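Letter by letter, the chains look like this.
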Amino acid sequence: MHRRTELTELLARHGTRGQVEFFLKSRNRTLDEVVDRDQQARQALGEVSAAIPLDWRRGVVEREDLSRFLFAPEDVVVIVGQDGLVANVAKYLTDQPVIGINPDRGVLARHAPSEAEDLLHNTNNTEDRTMVEARTDDGQTLHALNEIYVGHPTHQTSRYRIGEERQASSGILIGTGTGSTGWCSSAHRERNSRIALPTPTEPRLVWFVREAWPSPTTGIDHTEGEITDQALTIDVETDGLVAFGDGIESDALRLGWGQRLSVGLATRRLRLVR
């Protein structure tokens, strides 16, 4: 699995290399740097492809096609690219081992292309990372590796109820240990929270309400917490709210007034090959 390179996307938008070069110069960039990264990505894809045994069934998927691709239970998923691609694909998997390949060595895509052959034959040594699940009262579900955002899609005022407290805020973040270095970390730091952020494999989530404010009808007493056994229950009191995971706004649950959303630990985990 991979995503289109920047050069491919620029050519699709501008048509020719000359137009791409002109566009990049207007932003104080050069075509050479974009071409170099394109060649590195293609070389990495070539190395990984060559490492796959000839008698194995194989498929190549771009990120834009993930929602239409059917993963089989026995698949080994090799992701060539940056860490964000691992989060993108995690929500579509159920216990398949994932190998992250990145020439620049990321946190999730941590292996060099030259390691692919050995890793393909040794997928039992995994780091099982916790995921978060959102489920509506009408059966819709959403999974994420980093965090789930619940609120208005434009981050305007969201109205809902947590327990017995009605709130008005910029939305709610519910994150895993993997996501605790990103969006949730920012919320944690800004409010000087005393809650310990979870580790990537720990079966625990944290949640933070963003910019809640008090009024005669809304409170600010329940704006952060932990989730272990019992899910966080959110009763929607605004039409047009959404829940999306890992920053992918195009793949969201649509929430209307009166719906109940439960967010908790997912039963599935990301099996990341060490």
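Here we summarise the structure given alongside this text.

Conventions adopted
Residues numbered from 1 in each chain as written. Predicted model: local features only at pLDDT ≥ 70, side-chain atom pairs only at ≥ 80, totals over all residues. Heavy atoms only, no water. Helix = DSSP H or I, 4+ residues; strand = E, 2+ residues; numbered from the N terminus. Buried < 20%, exposed > 50% of the residue type's maximum accessible area, 1.4 Å probe, protein only. Contact = heavy atoms within 4.5 Å. Areas by Shrake-Rupley, 256 points an atom, 1.4 Å probe, with all protein chains shown as cover. Lys, Arg positive; Asp, Glu negative; His and termini not counted. Charge placed at Lys NZ, Arg CZ, Asp CG, Glu CD. Phe/Tyr/Trp six-rings, centres within 6.5 Å; stacked < 30°, edge-to-face > 60°. Salt bridge = Lys/Arg side-chain N within 4 Å of Asp/Glu carboxyl O. Right-handed = clockwise from strand over helix to strand, strands pointing away. Axes fitted to C-alpha atoms, helices over the stretch in contact; angles between N-to-C directions. Parallel < 35°, antiparallel > 145°, perpendicular 65-115°, else oblique. Nonpolar A, V, L, I, M, F, W, Y, C, P; charged D, E, K, R; others polar. Arc of directions from axis to C-beta. Polar contact = N/O pair within 3.5 Å; in protein donor to acceptor, adjacent residues only side chain to side chain. Core = buried A, V, L, I, M, F, W, Y, C linked by side-chain atoms within 4.5 Å.

1. Points about the overall build of the chain
Then comes step 1: Within the chain one finds six helices and 14 strands.
Then comes step 2: Along the three orthogonal principal directions, the C-alpha set of the chain runs to about 65 × 50 × 35 Å.
Then comes step 3: Residues counted as buried form 49% of the 274 residues belonging to the chain.
Then comes step 4: Pairs at least 24 apart in sequence give 61% of the contacts found in the chain among residues at least 6 apart.
Then comes step 5: Summed over all atoms, the accessible surface of the chain reaches about 14200 Å², with 46% contributed by carbon and sulfur.
Then comes step 6: Here the chain holds 32 positive side-chain charges and 41 negative ones, and the gap between their average locations is 3 Å.

2. Looking at the packing of aromatic side chains
Then comes step 1: If you walk through the whole model with that rule in mind, you get three aromatic pairs.
Then comes step 2: Judged by centre distance (4.9 Å) and plane angle (70 degrees), the rings of Phe69 and Phe71 are edge-to-face.
Then comes step 3: For the pair Tyr149 and Phe244, a centre-to-centre distance of 5.1 Å together with 40 degrees between the ring planes defines the contact as tilted. Of this pair, Tyr149 sits in strand S5 (residues 147–151) while Phe244 is found in strand S12 (residues 241–245), placing the two residues 95 residues apart along the sequence.
Then comes step 4: Tyr149 gets classed as buried once you look at its relative accessible area, which sits at 0%.
Then comes step 5: Within the aromatic cluster, the residues linked to one another by ring pairs are Tyr149, Trp183 and Phe244.

3. Describing the pattern of salt bridges
Then comes step 1: Summed over the entire model, instances satisfying the criterion amount to 22 salt bridges.
Then comes step 2: The salt bridge partner of Asp75 is Arg57, with a shortest N-O separation of 2.9 Å. Note that Asp75 is positioned in the loop between helix H3 (31–51) and strand S1 (77–80) and Arg57 in the loop between H3 and S1, a separation of 18 residues in sequence.

4. A closer look at the pairing of S1
Then comes step 1: Across the two faces of S1 the burial is the same, with Val77 and Ile79 and Val78 and Val80 all buried.
Then comes step 2: Following the chain from S1 across helix H4 (residues 83–90) to the adjacent parallel strand S2 (residues 97–101), one finds a crossover that is right-handed.

5. Considerations on the packing of helix H1 (residues 6–14) against H3
Then comes step 1: Where H1 contacts H3, the two axes come as close as 8 Å, and the packing angle between them is 120 degrees. Considered as vectors, H1 and H3 are oriented oblique to each other. Together, Glu6, Leu7, Thr8 and Leu10 of H1 and Leu31, Val34, Val35, Arg37, Asp38 and Arg42 of H3 make up the contact between the two elements.
Then comes step 2: Class assignment for the residues of the contact of H1 with H3 results in five nonpolar, one polar and four charged.

6. Quick notes on helix H2 (residues 17–25)
Then comes step 1: All of the buried residues along H2 are Val20, Phe23 and Leu24. End-on view of H2: buried residues confined to an arc of 95 degrees, all on one side of the axis. Away from the buried face of H2 by more than 90 degrees, exposed residues Phe22 and Lys25 are located.
Then comes step 2: Where the residues of H2 are buried, they touch H1 and H3.

7. Regarding the packing of H2 against H3
Then comes step 1: Contact pair H2 / H3: the axes reach a minimum separation of 9 Å and the direction vectors enclose 115 degrees. On H3, the residues touching Arg17, Val20, Glu21 and Leu24 of H2 are Leu31, Val34 and Val35.
Then comes step 2: Per-class residue counts for the contact of H2 with H3 are five nonpolar, no polar and two charged.

8. Notes on the side chain of Ser193
Then comes step 1: Here Ser193 shows up in the loop between helix H6 (183–190) and strand S9 (205–209).
Then comes step 2: Reaching out from Ser193, the side chain makes a polar contact with the backbone nitrogen of Ile195 at a distance of 3.1 Å.

9. Here we look at the nonpolar core
Then comes step 1: The biggest cluster of nonpolar side chains holds 23 residues, and the ones touching the most others in it are Val150, Ile172, Ile174 and Leu261.
Then comes step 2: Discounting chain neighbours no more than four positions away, the residues touching Ile172 are Ile148, Tyr149, Val150, Tyr160, Ile162, Trp207, Phe208, Val209 and Ile234.
Then comes step 3: In terms of nonpolar packing, the next biggest core, distinct from the first, is built from 20 residues, Leu85, Val86, Val89 and Leu270 among them.

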